[in-house]
Amino acid sequence: MRRKCSILSGTLLCLAAVAASAQPQTVEQKAEVCAACHGAKGIPVDKTYPVIWGQHQGYLYLELRDFKSGARKNDLMTAVVADLSRDDMMALAAYFAKKTWPDLRQKSAPDAEAAVANRVNVSIGCTGCHLGQYQGDATVPRLAGQQHDYLLKSMRDFRSRARANNPGMTDLMKATAEADLAPEADFLAGH
Ligand code: HEC
Ligand code: HEC
């Protein structure tokens, strides 16, 4: 096995790459590298990193595919998927989808913020796609209990097209007032 190391955002990131002759790695072995950021027990090591434990399989796969194709850009994740095949990404999506979503112990939003989120939902219809209690399904992500700072960053990234892999979400975020995004993130994180 070869190890490929690089410095990203001040973190020494070593990715195990399977050499042509090496024994095939199991999905558990391939998932080890993910724990460095997404957490050994599913609680991400940084507030801006998303929970992937218990996220929906179809969605997890689509995001890995989009990082790989460059449709979704993130330096850390681009390095991670570089050596993964389609089958690896399918297997990792199935592996993480079966895990239990971690409790990040984020507080419920105050009533005034929940009211903003409910107003946004009435006008945009978030739960039409993200479903009841923002649980998502299949290729639509669960938002309930996701990391607060990651949610806020994601909504802003869609709005600015820094995240351009789903033009529909970009249009919806452009239709949402910037001032509503912080209460929305508080509400979803504590939901
Ligand atoms: C060096 C840190 C790091 C490592 C290692 C890492 N990730 Fe990530 N991952 C991130 C960050 C940061 C993001 C959020 C990117 C953004 O803000 O758009 C992310 C996003 C994701 C997403 C999108 C989640 C969502 O809700 O949209 C998936 C899926 C994912 N990672 C899977 C994996 C898998 C599987 C592995 C292991 C093979 C892995 N990651 C390893 C840092 C990492
Ligand atoms: C037409 C269906 C639809 C509607 C309506 C919708 N979303 Fe989404 N949303 C999606 C899909 C699909 C994705 C995944 C995009 C991708 O492939 O990266 C997504 C992604 C997201 C993400 C990123 C999650 C992550 O893990 O990275 C956030 C946050 C989000 N939506 C918030 C909202 C909010 C808030 C609303 C209401 C204002 C909303 N969405 C309305 C379909 C929808």
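Quick summary incoming for the structure in this document. Just so we're clear, the structure is a prediction, and the values are computed from it rather than from any experiment.

1. Overview of the coordination of the iron atom of ligand 2
Logical step 1: Around the iron atom of ligand 2, the protein contributes the donor atoms His130 (NE2) and Met169 (SD), at 2.0 to 2.3 Å from the metal centre.
Logical step 2: Classification of the site at the iron atom of ligand 2 as octahedral follows from its six donor atoms and the range of 84 to 179 degrees in their angles at the metal. With His130 in helix H6 (residues 126-130) and Met169 in helix H8 (residues 167-174), the pair connects residues that are 39 residues apart, well separated along the chain.

2. As for the pattern of salt bridges
Side chains that differ in sign of charge can pair as their charged atoms come close.
Logical step 1: Counting across every chain of the model gives seven salt bridges.
Logical step 2: Across the pair Glu178 and Arg156 runs a salt bridge, and its minimum N-O distance is 3.2 Å. On the criterion of sequence distance, the pair formed by Glu178 in helix H9 (residues 178-189) and Arg156 in helix H7 (residues 148-160) is long-range, its members being 22 residues apart.
Logical step 3: Residue class for Arg156 comes out partly exposed when judged on its relative accessible area of 36%.
Logical step 4: Linked by salt bridges that have partners in common, Glu63, Arg72 and Arg163 make up one network.

3. Observations concerning the site of ligand 2
Logical step 1: Near ligand 2 lie 22 residues; those nearest to it are Cys126, Cys129, His130, Tyr150 and Met169.
Logical step 2: Here an oxygen atom of ligand 2 and a side-chain polar atom of Tyr59 are 3.0 Å apart.
Logical step 3: Interatomic distance of 2.9 Å between a side-chain N/O atom of Asn165 and an oxygen atom of ligand 2.
Logical step 4: When residues of the shell around ligand 2 are traced back to their parent elements, those giving at least two are helix H2 (57-69), helix H5 (111-124), H6, H7 and H8.
Logical step 5: Looking at which element gives the most residues to the shell around ligand 2, the answer is H7, with five residues.
Logical step 6: Its residues placed into classes, the shell around ligand 2 shows 14 nonpolar, five polar and three charged.

4. A few points about the coordination of the iron atom of ligand 1
Logical step 1: The iron atom of ligand 1 binds to the protein through His38 (NE2) and Met77 (SD); the donor distances cover 2.0 to 2.2 Å.
Logical step 2: The exposure class assigned to His38 is buried, which follows from its relative accessible area of 11%.
Logical step 3: Overall, the relative accessible area of 15% leaves Met77 in the buried class.

Cut-offs applied
Residues numbered from 1 in each chain as written. Chains lettered and ligands numbered in written order. Predicted model: local features only at pLDDT ≥ 70, side-chain atom pairs only at ≥ 80, totals over all residues. Heavy atoms only, no water. Donors = N, O, S within 2.8 Å, 3.2 Å for Na, K, Ca; no water. Tetrahedral: all angles 85-135°; square planar, octahedral: opposite > 155°, others 65-115°. Helix = DSSP H or I, 4+ residues; strand = E, 2+ residues; numbered from the N terminus. Salt bridge = Lys/Arg side-chain N within 4 Å of Asp/Glu carboxyl O. Buried < 20%, exposed > 50% of the residue type's maximum accessible area, 1.4 Å probe, protein only. Near = heavy atom within 4 Å. Polar contact = N/O pair within 3.5 Å; in protein donor to acceptor, adjacent residues only side chain to side chain. Nonpolar A, V, L, I, M, F, W, Y, C, P; charged D, E, K, R; others polar.

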